[in-house]
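Here's the letter readout for the chains.
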Amino acid sequence: MDLRIFTEPQQGATYDTLLAVAKATEDLGFDAFFRSDHYLRMGSGDGLPGPTDAWLTLAGLARETKRIRLGTLMTAGTFRLPGVLAIQVAQVDQMSGGRVELGLGAGWFEEEHKAYGIPFPKEKFARLEEQLEIVTGLWATELGKTFDFHGTHYDLTDSPALPKPAQRKIPVLVGGHGATRTPRLAARYADEFNMPFASVEDSERQFGRVRTAAEEAGRDADELTYSNALVVCVGRDEAEVARRAAAIGREPDELKLNGLAGSPSEVVDKIGRYAEIGARRIYLQILDLDDLDHLELISSQVQSQLS
């Protein structure tokens, strides 16, 4: 079971804070540092000092880390034109020496689009499908050849399809709860399917849908990695769990029900339940980015039991 650190910087974080978390992620033996792609805080709080851009952040971290994978859960398809996104991600992959992964979603948070003047189209899923085809097609085009795409939402003619990433193939993540179109997109374009903030039972059903869609597309369902994203709140005792829950405005019982919370042994046991239904990777949503002791505890007493 791979454990990855997943952050939500729109809630309030500087680049230096994210760098500290990324370096701790690397030093403590976690597999990867991922971040959300949002420009507006959600829920309570002031969001200070303001948003940071996902791919600018990852470009910086690409030069200041050496081992960990770097990526997004999920880049909003509404934020970037697919040709521009392909260039950005390929460049960051080069800057990292081939450690980048792209999670790409349709975009959903209308308020942040209004706040920053970003168009919020009514039909987002069809755009996402074209974006996935374009981004992966640009990267896969042989050197010296050009890429063309003529869709409903995007039109590319004689693209040189440059630059190329450092990796032969950048892993692409698709995720979500949709019962029909999401599994189909994952089966066609994804290397990994991610189920965000879902129970074991709901995850098992969705993994099954993705596996079926892959087989119907003529693909080995085991080619995909199946993963979950879950909030985490671990403590050595109940008081420490309660303190960490309060710091992120949540209740311990609710976190235990909807995420990974409690003692290290409780969290290991629950991760085991996800492993039993096919999850091979967990993205640990860390909401208090100043609490690096939390990462150390997870590394020493949770991750060590899963290795």
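The rules we used
- Residues numbered from 1 in each chain as written.
- Predicted model: local features only at pLDDT ≥ 70, side-chain atom pairs only at ≥ 80, totals over all residues.
- Heavy atoms only, no water.
- Pairing = 2+ DSSP bridges.
- Helix = DSSP H or I, 4+ residues; strand = E, 2+ residues; numbered from the N terminus.
- Right-handed = clockwise from strand over helix to strand, strands pointing away.
- Expected span 1.5 Å × (residues − 1).
- Contact = heavy atoms within 4.5 Å.
- Buried < 20%, exposed > 50% of the residue type's maximum accessible area, 1.4 Å probe, protein only.
- Phe/Tyr/Trp six-rings, centres within 6.5 Å; stacked < 30°, edge-to-face > 60°.
- Salt bridge = Lys/Arg side-chain N within 4 Å of Asp/Glu carboxyl O.

Draft legend 1. Layout of the pairing of strand β8 (residues 172–175). Here strand β5 (residues 100–105) runs beside β8; their pairing, made up of 2 bridges, is parallel. Its bridge partner lying in β8, Leu-102 is registered against Val-172. Alignment of β8 against strand β9 (residues 192–196), held across 3 bridges, turns out to be parallel. Note that in β9 the partner of Val-174 across the bridge is Phe-193. Tracing the backbone out of β8, into helix α6 (residues 181–189) and back to the parallel element β9 gives a crossover that is right-handed.

Draft legend 2. Structural view of helix α3 (residues 82–96). When the terminal C-alpha atoms of α3 are compared, their 21 Å separation across 15 residues agrees well with the 21 Å that a helix rising 1.5 Å per residue should span. Each element contacted by the buried residues of α3 is listed here: α2 (54–64), β3 (69–72), β4 (75–76), β5 and α5 (125–140). Backbone geometry just downstream of α3 places Gly-97 in the positive-phi region, at approximately 75°.

Draft legend 3. Expanded view of the side chain of His-113. Within the element layout of this structure, His-113 appears in helix α4 (residues 110–116). Residue classification places His-113 among the buried positions, given a relative accessible area of 1%. With near-sequence residues (within four places) excluded, His-113 lies in contact with Thr-78, Phe-79, Ile-118, Pro-119 and Phe-120.

Draft legend 4. Spatial organisation of the packing of aromatic side chains. One pass over the full model with this rule turns up 6 aromatic pairs. Arranged with centres 5.0 Å apart and planes meeting at 70°, the rings of Phe-34 and Tyr-283 form a pair that is edge-to-face. One end of the pair, Phe-34, is in strand β2 (residues 32–35); the other, Tyr-283, is in strand β12 (residues 281–286), and 249 residues separate them in sequence. Taken individually, Phe-34 and Tyr-283 each receive the classification buried, so the pair is uniform in this respect. Taken together, the ring pairs connect Tyr-39, Phe-79 and Tyr-116 into an aromatic cluster.

Draft legend 5. Quick look at the environment of Leu-56. Structurally, Leu-56 is set in helix α2. Distance in space between the C-alpha atoms of Leu-56 and Tyr-15 is 9.6 Å, their sequence separation being 41 residues.

Draft legend 6. Inspection of the pattern of salt bridges at higher detail. Taken as a whole and judged by the stated rule, the model has 23 salt bridges. The salt bridge involving Glu-266 is made with Lys-256; its shortest N-O contact spans 3.7 Å. Of this pair, Glu-266 sits in helix α10 (residues 264–276) while Lys-256 sits in helix α9 (residues 252–258), and the two are 10 residues apart along the sequence. Since its relative accessible area comes to 37%, Glu-266 is described here as partly exposed. Judged by its relative accessible area of 31%, Lys-256 is partly exposed. What emerges from the salt-bridge pattern is a single network uniting Arg-236, Glu-240, Arg-243, Arg-244 and Asp-291.

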